[in-house]
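Notes for the structure review
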Amino acid sequence: KQEVTQIPAALSVPEGENLVLNCSFTDSAIYNLQWFRQDPGKGLTSLLLIQSSQREQTSGRLNASLDKSSGRSTLYIAASQPGDSATYLCAVRDGANSKLTFGKGITLSVRP
Amino acid sequence: DGGITQSPKYLFRKEGQNVTLSCEQNLNHDAMYWYRQDPGQGLRLIYYSQIVNDFQKGDIAEGYSVSREKKESFPLTVTSAQKNPTAFYLCASSPRGAGGRDEQFFGPGTRLTVL
């Protein structure tokens, strides 16, 4: 059974810092991996989708990498801003028609 | 604008009542999903549907029911059999069979509180 872990559960950094959020998964035979952002009381916003054949994806200040062999993905946020404060979740899909398995998320606070 | 809408945003229910949560999408996605989110826990899948008139149970389907009569709509009914229904409910959709590009998109959520 696939398990997704995100550690630490919470992170506080000063504005302007570059930071890395980690995601690990137990079964490396994944179909794709998706990173989401969730603001308090809101739905999830998709940030990046990495297919199993890809090593990384970039969108603006965000870069997500995927290392299937080690069962890890990282979300890199450059020059963090207070508006980046939110919970970041990663989720993996094991097959074309299988469900997403979510981590519990990392709550990020960027201090002005 | 393309997207997923959920209604209502907040819902209050008395014990013993059934309630139905609405989810509509205009993204032309084949697959739709219902998740439940509780504090300190990850999202848990309740039901999902990959095509009209077909749906499957997720990890925590007991006490819930769904229908998929139209591609755009996937309503969730929380029945009185659900022991602990107070939670944040999220609906999502994705294209099906998109060669790995089946990115899931989420609605804004419905917060259900049982009084």
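Scroll up a little and you will see the structure.
The following paragraphs examine the structure supplied in this document. Bear in mind the structure is a predicted one, so any value in this text is a computation, not a measurement.

On inspection of all chains with the given rule, the structure shows 2 disulfides over all chains. The side chain of A:Cys23 participates in a disulfide bridge whose partner is A:Cys90; the two sulfur atoms lie 1.9 Å from each other. As the torsion about the S-S bond is roughly 70°, the A:Cys23-A:Cys90 disulfide counts as right-handed. Here A:Cys90 lies in strand 9 (residues 86-93) and A:Cys23 lies in strand 3 (residues 19-25), a separation of 67 residues in the sequence. Take A:Cys23 and A:Cys90: they sit in the same class, and that class is buried. Covalently, B:Cys23 is tied to B:Cys91 through a disulfide, its sulfur atoms 1.9 Å apart.

Within this structure, the stated rule accounts for 9 aromatic pairs over all chains. Considering the side-chain rings of A:Phe36 and B:Phe106, the 5.4 Å spacing of their centres and the 85° angle between planes classify their relative orientation as edge-to-face. Of this pair, A:Phe36 sits in strand 4 (residues 32-38) while B:Phe106 sits in strand 10 (residues 105-106), on two different chains. Judged by relative accessible area, which is 0%, A:Phe36 ranks as buried. With relative accessibility at 11%, the residue B:Phe106 sits in the buried group. Aromatic side chains B:Tyr33 and B:Tyr48 sit 6.4 Å apart centroid to centroid with 20° between the ring planes, which places their arrangement in the stacked category. One end of the pair, B:Tyr33, is in strand 4 (residues 31-37); the other, B:Tyr48, is in strand 5 (residues 44-51), with 15 residues separating them in the sequence. This pair shows no difference in class: B:Tyr33 is buried, exactly as B:Tyr48 is. When the ring centre of B:Phe74 is taken as origin, the NZ or CZ atom of B:Arg68, which lies over that ring, is 6.0 Å away.

What counts and how
- Residues numbered from 1 in each chain as written.
- Chains lettered and ligands numbered in written order.
- Predicted model: local features only at pLDDT ≥ 70, side-chain atom pairs only at ≥ 80, totals over all residues.
- Heavy atoms only, no water.
- Disulfide = S-S within 2.5 Å.
- Helix = DSSP H or I, 4+ residues; strand = E, 2+ residues; numbered from the N terminus.
- Buried < 20%, exposed > 50% of the residue type's maximum accessible area, 1.4 Å probe, protein only.
- Phe/Tyr/Trp six-rings, centres within 6.5 Å; stacked < 30°, edge-to-face > 60°.
- Lys NZ or Arg CZ within 6 Å of the ring centre and 35° of its normal.

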